[in-house]
Amino acid sequence: MQKINQKVLMSGVEYFAVEELNPYSHKSDQPDVNKTAEEFDSIRNALTEAGVEVITVDAPEGCQDGIYTANWALCRDGVSVLASLPNMRQNEEVYARQALEDQGLTVIPAPHLFSGQGDALPCGDLLFMGQTYRTDPRMHQFIADELGFEVISLQTVPELDESGEPVINKVTGLPNSYFYDIDLAISVISPELIAWCPDAFTVPSQQIIRSLSVEKIEVSLEEAKVGFACNLVSTGETVVMSNHAPKLKSDLIEKGLKVVTPEITELAKGGGYIRCTTLTIDNELF
């Protein structure tokens with residue numbers, strides 16, 4: 001398999017805290033700082049051992065979600081489209097710009113709401129993009145124009161209240177979904193292989209994904225929603241993923257991949273996991 005995610009940007013845990021920005025996060029359940037640091041180090045070490053170049057930058061001061069660098073931008077071939085984040089995360093953007101420019105990338109601001117790589121996963125020339133929750137659908141054409149991807153526009157299912165109406169987040173003012181970023185519902189193992197949770201997507205999006213020629217592994221709703229199964233980082237040879245998704249782990253091993261499963265509990269309290277802590281900055285044109 002072709003190697004991917006060979007150079008990533010990670011931040012730090014110093015300011016990590018939980019605000020109620022998504023269905024997973026509750027202010028009453030704050031992370032243990034020491035355990036969070038151990039989890040962060042375990043991810044970084046696993047990636048390094050898998051041959052990934054990990055660049056670590058200072059955590060954005062006072063930014064509770066600054067640890068989730070995947071939401072900072074989407075990068076390709078030396079160009080980076082900077083994220084445009086929800087209200088409580090906007091202070092991260094200046095740090096993100098500086099970190100990317102320090103790596104020699106040309107930075108382009110997003111004209112609309114955009115959740116960076118968290119909602120835009122490259123798969124060779126394809127780009128799986130989410131919408132509605134953290135990314136404005138107008139960003140799909142913008143990304144296609146600026147970075148040259150063939151964008152696959154997808155929609156995950158909303159969180160519904162007891163009457164069946166979509167839940168609006170009281171902090172961000174945006175619709176809620178347990179798959180608010182697409183990296184919670186689909187993952188790229190290599191440009192030829194993806195793992196995805198059909199039940200996380202609307203029926204039209206399921207049909208789009210099924211029609212693609214790329215090989216697919218199906219993930220259960222329980223492993224995706226409770227085990228954060230899809231929120232992983234793959235090099236094309238080694239997959240660093242959840243320790244709470246045994247079926248997906250088994251499926252990947254059957255494909256001949258090495259699987260590493262650090263234990264993650266504290267990062268999940270903020271609604272993020274392994275993929276969320278890493279921003280790939282070496283995506284190249286295929």
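As a reminder, the structure under discussion sits directly above these lines.
Residues numbered from 1 in each chain as written. Predicted model: local features only at pLDDT ≥ 70, side-chain atom pairs only at ≥ 80, totals over all residues. Heavy atoms only, no water.

In terms of helices and strands, the protein chain carries six helices and 15 strands. In summary, the protein chain has a C-alpha radius of gyration of 17 Å against a globular reference of 19 Å for 286 residues, a match within 12%. When the 286 residues of the protein chain are sorted by exposure, 57% land in the buried category. Here the analysis covers contacts within the protein chain between residues at least 6 apart in sequence; of these, 68% occur between residues at least 24 apart. For the protein chain, the computed accessible surface area is about 11,400 Å², with 47% contributed by carbon and sulfur atoms. (Helix = DSSP H or I, 4+ residues; strand = E, 2+ residues; numbered from the N terminus. Rg over C-alpha atoms; globule rule 2.2 N^0.38 Å. Buried < 20%, exposed > 50% of the residue type's maximum accessible area, 1.4 Å probe, protein only. Contact = heavy atoms within 4.5 Å. Areas by Shrake-Rupley, 256 points an atom, 1.4 Å probe, with all protein chains shown as cover.)

Bringing the pairing of strand E8 (residues 150-153) into the picture now. Bridge count between strand E7 (residues 126-129) and E8: four bridges; the pairing is parallel. Residue pairing in the sheet places Leu126 in a bridge with Glu150 of E8. Crossover connection from E7 via helix H3 (residues 138-147) to parallel E8: handedness right-handed. (Pairing = 2+ DSSP bridges. Right-handed = clockwise from strand over helix to strand, strands pointing away.)

Before going further, it helps to examine empty space enclosed by the protein. Inspection of the entire model under this criterion finds two cavities of 30 Å³ or more. One number sums up the size of the largest cavity: a volume of about 60 Å³. Surrounding the largest cavity, 13 residues form its lining, Tyr68, Asn71, Arg89, Tyr180 and Gly270 being those nearest its centre. Each pocket or cavity is described by its volume, and for the second largest cavity that value is around 30 Å³. (1 Å grid on protein atoms, 1.4 Å probe; cavity = no way out; pocket = protein on both sides within 12 Å on 5 of 7 lines; lining within 4 Å. Points joined across faces, edges and corners; volume = space filled by probe spheres on them.)

So, on to the packing of aromatic side chains. According to the stated counting rule, one finds five aromatic pairs in the structure shown. Taking the centre distance of 5.3 Å and the plane angle of 85° together, the rings of Tyr24 and Tyr178 count as edge-to-face. With Tyr24 in the loop between strand E1 (7-10) and helix H1 (33-49) and Tyr178 in the loop between E8 and strand E9 (186-190), the pair connects residues that are 154 residues apart, well separated along the chain. Between the aromatic rings of Tyr24 and Phe228, the centroid separation amounts to 4.9 Å while the plane-to-plane angle is 45°, which identifies the pairing as tilted. Residue Tyr24 is found in the loop between E1 and H1, and its partner Phe228 is found in the loop between helix H5 (221-225) and strand E12 (233-234); the two are separated by 204 residues along the sequence. Residue class for Tyr24 comes out buried when judged on its relative accessible area of 13%. The ring of Phe149 is capped by Arg76, whose NZ or CZ atom sits 4.0 Å from the centre of that ring. The cationic tip of Lys225 hangs over the ring face of Tyr178; the distance from NZ or CZ to the ring centre is 4.0 Å. (Phe/Tyr/Trp six-rings, centres within 6.5 Å; stacked < 30°, edge-to-face > 60°. Lys NZ or Arg CZ within 6 Å of the ring centre and 35° of its normal.)

Okay, the pairing of strand E6 (residues 120-123) next. Side chains of E6 alternate between two faces, with Ala120 and Pro122 and Leu121 and Cys123 buried alike. As judged from the four bridges shared by E6 and E7, these two strands associate in the antiparallel manner. Counterpart to Pro122 in the pairing with E7 is Leu127. Between E6 and E7, which pair antiparallel in sequence order, lie two residues; one of them, Gly124, sits at a positive phi of approximately 65°.

What follows concerns the pattern of salt bridges. If you walk through the whole model with that rule in mind, you get 13 salt bridges. A salt bridge links Glu20 to Lys170; its shortest N-O distance comes to 3.2 Å. With Glu20 in the loop between E1 and H1 and Lys170 in the loop between E8 and E9, this pair connects stretches of sequence that are 150 residues apart. The shortest N-O distance in the salt bridge between Glu218 and Arg210 comes to 2.9 Å. The exposure class assigned to Glu218 is partly exposed, which follows from its relative accessible area of 46%. Of the residues examined, Arg210 reaches a relative accessible area of 46% and is grouped as partly exposed. (Salt bridge = Lys/Arg side-chain N within 4 Å of Asp/Glu carboxyl O.)

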